[in-house]
Amino acid sequence: MLGKADTTRMYNELSALKNFNTCPEQEGITRLLFADEEIMARAYVKQRMVKAGLQVTEDTIGNIYGTLVGSQPELAPVWSGSHIDTVRNAGMYDGTVGVIGALEACRMIRESNAPHRRSIVALIFTSEEPTRFGIGCIGSRTMAGHLSLEQTKSLYDDQGISLFQELERLGYTKMDYGAVRKKKGDVFASVELHIEQASVLERLGCPIGIVEAICAPTYIQVTLEGQQEHAGSTPMNERRDAMAAASEIILKLESLARSHGNNHTVGTIGKFCAYPNSPNVIAGRTEFTIDIRDIDETVKQDMTQKICAYIDNVAMLRNLRARYTVTADDLPCVSAPPIIAAITASCEKRNIPIHKMISGAYHDSLMIAEFAPVAMIFVPSRGGISHDPAEYTSIEEIAAGTEVLADTLLSLSNMNEMGEAEQ
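Asker: Quick question: what am I supposed to make of the sheet that holds strand E11 (residues 285-294) here?
Answerer: Adjacent strands of a sheet pair through backbone hydrogen bonds, lying either parallel or antiparallel. Taken together, the four strands give an open sheet; going across it, the order is E9-E11-E7-E12, and neighbouring strands pair in antiparallel fashion. Each having just a single partner strand, strand E9 (266-275) and strand E12 (321-329) make up the two edges of the open sheet. Averaged over all pairs of adjacent strands, the angle between their axes in this sheet comes to 15 degrees, without regard to strand direction. Sheet topology note: the strand E7 (residues 216-225)/E12 ladder contains eight bridges and is antiparallel. When the sheet's bridge partners are listed, isoleucine 220 is paired in E12 with valine 326. Strands in contact with helix H8 (residues 242-258) are E7, E9 and E11; relative to E9, the strand with the most contacts, it is inclined by about 170 degrees.

If you want it as structure tokens, here you go:
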């Protein structure tokens, strides 16, 4: 068992990242992928990695690797990391706790002179949030082989700039894009520290959550086209109202999700635009996103099929044109039992209570699970609030999670195989 995390050092680093804000005039933190402030935040963490004695590299999608070299660096490494990009008007803990926690864990191991055979890598994954380009987990998705260089040319932000253009502007396209992809065996294990983003741990008074499985999302982009007309002079029976049609679909999605009667089947309309968006004009077009998540892939597929069929039916009955595209359809993942055992062993040695749980939010670990064993460590979120300026986790809670993370990474780094510790 290792010692204590440096709470002052970690708090200072989390506070420093808070200052890299794309929209400082607004409440909360907005740090969009490849905005100047996000680039500066990347540079700051890389500088801290170098100061901690880590070897820093970057790949062509922008993932950052800080490597604490092991005594047998030819072995597959152990990973830990998260993201530093945010949603709009976010808090300061989502993602960054996992990045600074991984960095601190590497420092703890290095400063203790604890032997570790496998290299341990602290990572920043590129753009876990879909805020700028409409798709999440850009860095880890590319690692899993689900985002080609050609596909980056068709991902645009609100200003019409493509992800490819940004990669080209920053010089990433000069590197080997194919080298980003990982295959099974390239990474021995990956453990991500994260705030819970819900209130379960706080309600239980439990400091550590061990994630046994992660729900996966399906994203659907929907466009409904009717007829833009005058709100006063167009009779109700002659309307082709894209807003009314969208409202039916929104309520149907809610009904489908509620019908499963559990906390792991959810449906959300997260982004909605109506045109021309005028108070006295019938909407001629609506565009919106559907987010369906579940721990059961069969249920998720069933919900997707049903809502798409319902969209077609509403469009037919209301004489509208409907177009929809499934932009992402990810697989739920189950955590690796040997990693769960290593996390549990650390908590037992430190006399820390645990709660085993399922993550409704997805994380980069969902993508990493396609080529490596994964697990996650959750620390409490006050009030369950996240993706909001009020997001808060105490530095003591973050330190406890980091200490468990460090123990776990050290244990994994000395394993010969999953579940087999070096004697």
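Asker: Looking at this structure, how should I read the side chain of glutamate 128?
Answerer: Tracing the backbone shows glutamate 128 in the loop between strand E4 (120-124) and helix H4 (138-143). For the buried residue glutamate 128, which engages in no salt bridge, the nearest side chain bearing the opposite charge is arginine 293, 7.4 Å off. Polar side-chain contacts of glutamate 128 include one of 3.2 Å to the side chain of histidine 83. Among all residues touching glutamate 128, those that are not within four sequence positions of it are His83, Asp85, Gly136, Cys137, Tyr362, His363 and Asp364.

Asker: Explain the packing of helix H10 (residues 337-349) against helix H12 (residues 395-413) here, please?
Answerer: Packed helices, taken two at a time, are described by their axes: the angle between them and the distance between them. Axis separation between H10 and H12 bottoms out at 9 Å; the angle between their running directions is 130 degrees. Classed by the angle they form, the pair H10 and H12 counts as oblique. You can see that H10 and H12 cross each other, and the crossing is right-handed. Along its contact with H10, which presents Ile339, Ala342, Ile343, Ser346 and Cys347, the element H12 presents Glu403, Val404, Asp407, Thr408, Ser411 and Leu412.

So, how was this worked out
Residues numbered from 1 in each chain as written. Predicted model: local features only at pLDDT ≥ 70, side-chain atom pairs only at ≥ 80, totals over all residues. Heavy atoms only, no water. Pairing = 2+ DSSP bridges. Helix = DSSP H or I, 4+ residues; strand = E, 2+ residues; numbered from the N terminus. Axes fitted to C-alpha atoms, helices over the stretch in contact; angles between N-to-C directions. Contact = heavy atoms within 4.5 Å. Buried < 20%, exposed > 50% of the residue type's maximum accessible area, 1.4 Å probe, protein only. Lys, Arg positive; Asp, Glu negative; His and termini not counted. Salt bridge = Lys/Arg side-chain N within 4 Å of Asp/Glu carboxyl O. Polar contact = N/O pair within 3.5 Å; in protein donor to acceptor, adjacent residues only side chain to side chain. Parallel < 35°, antiparallel > 145°, perpendicular 65-115°, else oblique. Left-handed = near helix turned anticlockwise from the far one by under 90°.

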